[in-house]
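# Structural description and commentary
What follows is each chain in one-letter form.
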Amino acid sequence: YYLRINKQNCLIEILVNDVSRHDDYELSNYVTPIKINPTILKSGKQTITVRMYPVGNLINESLGKENEAPISTLLENSAVAIGVSQIDNRSKKEFADEIKVMEHNSPTEDGQFSGAGLPYYEYSFDFQAEVPYELEGWSKGQDLRKLDSMKLEQKAVEFYKMVQQIYVNKDLD
């Protein structure tokens, strides 16, 4: 599975199943498809999250107007379009080999971007994926922010010392 992303008047971060997959803090668009299989653990519903940010001073710099005020909010014509496609790994991976799964555009109201005027906008959408594997990955992970930080640090230090000792003993063999 791949993403093809087109953006206008914004900077973006893309997460797939809560894992950062692509950041684009430039004005230009990224043409190469972005492989997302590493963030797909199993077949079924997959969630793509889009984080949109204003362009700041990038447009002014590109026009040679560095002294003008930076753009600090998203604009009415800020937009993100994401195409999700599937390509058989055994193929030559040409454009003709892509199977379009879905196309998604950032939310609009009356033809204008829904997040216009905001300093940040985030939204998500889902698609269905069929993959020939099932991985545990991070699905059974814990949110370490919810654990006792002192105990967590103690366990990390103990583990580090154990690994360090293994390497010291390995050098003696």
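Structure: above.
Now for the pattern of salt bridges. This structure, assessed with the given rule, holds 8 salt bridges. The salt bridge partner of R51 is E122, with a shortest N-O separation of 3.2 Å. With R51 in strand β5 (residues 44-53) and E122 in strand β10 (residues 121-129), the pair connects residues that are 71 residues apart, well separated along the chain. For R51, a relative accessible area of 26% translates into the label partly exposed. Look at E122 and you get partly exposed, because its relative accessible area is 39%.

What follows concerns the environment of P70. Turning to its location among the elements, P70 is positioned in the loop between α1 (58-62) and β6 (79-86). Placed 75 residues apart in sequence, P70 and R145 show a C-alpha to C-alpha distance of 35 Å. Sequence-distant contacts of P70, defined by excluding residues within four places in its chain, comprise G56, N57 and N60.

The next point concerns the sheet that holds β10. One open sheet holds the 4 strands; their spatial order is β3-β2-β5-β10, and the pairing between them is antiparallel. Here the strands that pair on one side only, and so sit at the sheet edges, are β3 (19-24) and β10. Geometrically, the sheet is characterised by an average inter-axis angle of 20° between neighbouring strands, direction not taken into account. Two strands pair when backbone bridges link them, and strand β2 (residues 11-16) and β5 are joined in this way by 6 bridges, in the antiparallel orientation. Directly across from E13, in β5, lies its bridge partner R51.

Rules used throughout
Residues numbered from 1 in each chain as written. Predicted model: local features only at pLDDT ≥ 70, side-chain atom pairs only at ≥ 80, totals over all residues. Heavy atoms only, no water. Salt bridge = Lys/Arg side-chain N within 4 Å of Asp/Glu carboxyl O. Helix = DSSP H or I, 4+ residues; strand = E, 2+ residues; numbered from the N terminus. Buried < 20%, exposed > 50% of the residue type's maximum accessible area, 1.4 Å probe, protein only. Contact = heavy atoms within 4.5 Å. Pairing = 2+ DSSP bridges. Axes fitted to C-alpha atoms, helices over the stretch in contact; angles between N-to-C directions.

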